[in-house]
Amino acid sequence: MNQAASITWKSRWTFILAATGSAVGLGNIWKFPYITGENGGGAFVLVYLACILCIGIPVMIAEIMAGRAGRSDPIHSMLSLSRDAGGSRAWGMVGAVGMVAGLMIMMFYSVVAGWALEYVFQSASGSYNGAPAEEIEAHFGNLLSSDGQQLIWHSLFSLLTASVVAAGVTRGIGKAVEILMPLLLVFLLVLVGYSAINGNFSAGLHFMFDTDFSRLSGNAVLIAMGHAFFTLSLGMGAIMAYGAYFPGHASIGKTVLTIAALDTGIALMAGMAMFPLVFANDLTPGQGPGLMFVTLPIAFSNMSGGVFFGSLFFALVSIAALSSSISLIEPGVAWMEKRGWRRVPSTFLLGGIAWTGGVASIHYGAVFDALDYLTANIMLPIGGLLIALFVGWRLQRKVVLDETGMKGGPAFAAWYWLLRYIAPIGILIVFLHSLGLFSALGALF
Ligand code: TRP
């Protein structure tokens, strides 16, 4: 008996909140600003936006469609759709690899989320207030070199995630996002306002939106595409798993545009909450993962209201991380439930595996970096490529038309074309490019 089949979100809005909650996370607030900083700003932002539009949105529609049509966890959804289409059982592997990718992401994600939790308390204690920059920098260094400290916060965050997932789809995840997401939006608006008043807003705007393509490397294009997948939670079945609980048969297109617009808008707002403060304090935007944990606290320490707004900022980050991490575990839990396990032990088993990996990435920086690079830049794009090929080429057009709830017409045609041609070709080009194949060819002729 398919236990998941009868469960749905309370309404289409709860689905939008849950999917947006999954999408909006450390990717938007921690990663996006720092990779934008590292890759020179405007031109990178433009490539990222193009990837969202031409690859991310089409793949997201395909993922939700596959989940809703299969009405099960990603593995079983892919299996049953493939069977109905006369395809191979191997398509189930897309769901299986995705499940593993979710746990792998969680293995570094909850470490960073743990840092954010620590910073809520650190900022609120006022110890940064007026502190010299070296001291704030040293604090982050000390946190990174203390396995014990990180272990505490990583464990706390893992436990929070597991308790939400264990409580179930409607009572746990649905309830959580209905509270967390509006809170997140209010916090962010307050912080952008603060940054506009106290920061160098125009320098921030210039940095994020002046396009200078000479500063864009081939690797930056790969990072932009990988990030488009990461930030929309695509390529591993998270959104497919959530799609399985999509109530009714409404059109998926508009829903996805709403989610993508919220995700992109929030990433850009996070940039606008940070860069003006960075520039107002004569700090540099390109200093990498420490941007949020060093540069920003230095900025807050110099400013009036910095204790309050700094704490608010890290609370925001923690909330965003929590509504995302639950979607990293959910696909695996849904799969175990379908195999007859109960939800609570499933959650704690998978959560425990992710937690153990997290301990390894705390201790070995190389594990942390490898997990991040491998998932975002390789596994998610390949997962997305396979999902695009499956829905675009393996399923019958008639089935796809019916299951998306799109009525045909130009919107459907545009989406279908992007999914079949542009998304797969785009993903392949970016891959080959990053492997240096084009420069090798160029050298040859
Ligand atoms: N999208 C989240 C972020 O930007 C991270 C995330 C949650 C994710 N679930 C995912 C990424 C599934 C890839 C796949 O922080």
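Above this text sits the structure in question.
Residues numbered from 1 in each chain as written. Predicted model: local features only at pLDDT ≥ 70, side-chain atom pairs only at ≥ 80, totals over all residues. Heavy atoms only, no water.

### Things to note about the overall build of the protein chain
- For the protein chain, the helix and strand inventory stands at 19 helices and zero strands.
- In summary, the protein chain has a C-alpha radius of gyration of 21 Å against a globular reference of 22 Å for 445 residues, a match within 12%.
- Here the C-alpha coordinates of the protein chain stretch approximately 65 × 60 × 35 Å along the principal axes.
- Out of the 445 residues in the protein chain, the part that is buried amounts to 59%. (Helix = DSSP H or I, 4+ residues; strand = E, 2+ residues; numbered from the N terminus. Rg over C-alpha atoms; globule rule 2.2 N^0.38 Å. Buried < 20%, exposed > 50% of the residue type's maximum accessible area, 1.4 Å probe, protein only.)

### Digging into unusual backbone geometry
- Even without being glycine, Arg 71 reaches a positive phi, approximately 50°.
- On the basis of relative accessibility, which here comes to 22%, the residue Arg 71 falls in the partly exposed class.
- Look at Ser 233: it is not a glycine, yet its phi comes out positive at around 60°.
- Counting through the fold element by element, Ser 233 comes out in the loop between α10 (218–231) and α11 (238–243).

### A short note on the side chain of His 154
- Examined against the element boundaries, His 154 turns out to sit in helix α7 (residues 147–166).
- Of note is the side chain of His 154, whose polar atom sits 3.0 Å from the backbone oxygen of Trp 355.
- Excluding anything up to four places from it in sequence, His 154 contacts Ser 110, Val 111, Gly 114, Trp 355, Gly 358, Val 359 and Ile 362. (Polar contact = N/O pair within 3.5 Å; in protein donor to acceptor, adjacent residues only side chain to side chain. Contact = heavy atoms within 4.5 Å.)

### Brief notes about a nonpolar patch on the surface
- Nonpolar side chains collect at one region of the surface, where Tyr 373, Leu 374, Ile 378, Ile 382 and Leu 386 lie side by side and expose about 370 Å² of accessible area between them.
- In this structure, Tyr 373 sits in helix α16 (residues 365–394). (Patch = residues over 30% accessible without salt bridge, like charges linked within 9 Å, V, L, I, M, F, W, Y side chains within 5 Å. Areas by Shrake-Rupley, 256 points an atom, 1.4 Å probe, with all protein chains shown as cover. Salt bridge = Lys/Arg side-chain N within 4 Å of Asp/Glu carboxyl O.)

### A few points about the site of the ligand
- Taken together, the neighbourhood of the ligand is formed by 17 residues, with Gly 27, Tyr 109, Phe 230, Ser 233 and Ser 327 sitting nearest.
- For the ligand, the protein covers 100% of the area, taking 360 Å² as the surface of the free molecule.
- When residues of the shell around the ligand are traced back to their parent elements, those giving at least two are α1 (12–23), α2 (26–38), α5 (92–124), α10 and α14 (306–338).
- Here the residues of the shell around the ligand are counted per class, giving nine nonpolar, eight polar and no charged. (Near = heavy atom within 4 Å. Nonpolar A, V, L, I, M, F, W, Y, C, P; charged D, E, K, R; others polar.)

### Thoughts on the packing of α2 against helix α3 (residues 42–70)
- It is at 8 Å that the axes of α2 and α3 come closest, and there the two elements cross at 130°. With respect to α3, the axis of α2 lies oblique. Viewed along their axes, α2 and α3 form a crossing whose handedness is right-handed. Of the residues in α3, those touching α2 at Phe 32, Ile 35 and Thr 36 are Phe 44, Val 45 and Tyr 48.
- Taken together, the residues of the contact of α2 with α3 break down into five nonpolar, one polar and no charged. (Axes fitted to C-alpha atoms, helices over the stretch in contact; angles between N-to-C directions. Parallel < 35°, antiparallel > 145°, perpendicular 65-115°, else oblique. Left-handed = near helix turned anticlockwise from the far one by under 90°.)

### Describing the environment of Gly 358
- Looking at the element boundaries, Gly 358 is found in helix α15 (residues 343–363).
- Taking the C-alpha atoms as reference points, Gly 358 and Lys 10, 348 residues apart in sequence, are found 33 Å from one another.
- The residues contacting Gly 358, other than those within four sequence positions of it, are Met 107, Val 111 and His 154.

### Observations concerning the pattern of salt bridges
- Summed over the entire model, instances satisfying the criterion amount to four salt bridges.
- Across the pair Asp 372 and Lys 31 runs a salt bridge whose closest N-O atoms are separated by 3.0 Å. Within this pair, whereas Asp 372 is found in helix α16, its partner Lys 31 is found in helix α2, the two being separated by 341 residues in sequence. Each member of the pair, Asp 372 together with Lys 31, is buried.
- Here Arg 343 ties to Glu 337 by a salt bridge, and the two come within 3.4 Å at their closest N and O atoms. This pair shows no difference in class: Arg 343 is buried, exactly as Glu 337 is.
- If you follow the salt bridges from partner to partner, you end up with Glu 330, Glu 337 and Arg 343 in one network.

### Remarks on the state of the cysteines
- All chains considered together, the criterion is met by zero disulfides.
- The thiol sulfur of Cys 54 is not disulfide-bonded, and the nearest other cysteine sulfur, from Cys 51, lies at 7.8 Å. (Disulfide = S-S within 2.5 Å.)

### A look at the nonpolar core
- Among the nonpolar cores identified, the biggest contains 156 residues, and Met 292, Phe 293, Phe 313, Val 391 and Trp 415 are the most heavily contacted of them.
- Discounting chain neighbours no more than four positions away, the residues touching Phe 293 are Trp 30, Val 112, Trp 115, Ala 116, Tyr 119, Phe 140 and Phe 314. (Core = buried A, V, L, I, M, F, W, Y, C linked by side-chain atoms within 4.5 Å.)

### Concerning the packing of aromatic side chains
- Per the stated rule, a full pass over the model turns up 30 aromatic pairs.
- An angle of 45° between the planes, with centres 5.0 Å apart, marks the rings of Tyr 119 and Phe 314 as tilted. Placement of the pair is Tyr 119 in helix α5 and Phe 314 in helix α14, with a sequence separation of 195 residues.
- Looking at Phe 314, the relative accessible area reads 1%, which means it is buried. (Phe/Tyr/Trp six-rings, centres within 6.5 Å; stacked < 30°, edge-to-face > 60°.)

### Observations regarding α5
- Helix length check: α5, at 33 residues, gives a terminal C-alpha distance of 47 Å against a target of 48 Å (1.5 Å per residue), a fit within 8%.
- Largest kink in α5: about 30°, centred on Met 107.
- Among the 33 residues in α5, 27 count as buried, and that is most of the element.
- In the segment just after α5, Gly 126 is the residue with positive phi, at about 80°. (Expected span 1.5 Å × (residues − 1). Bend = angle between axes of the 7 residues up to and from the residue.)

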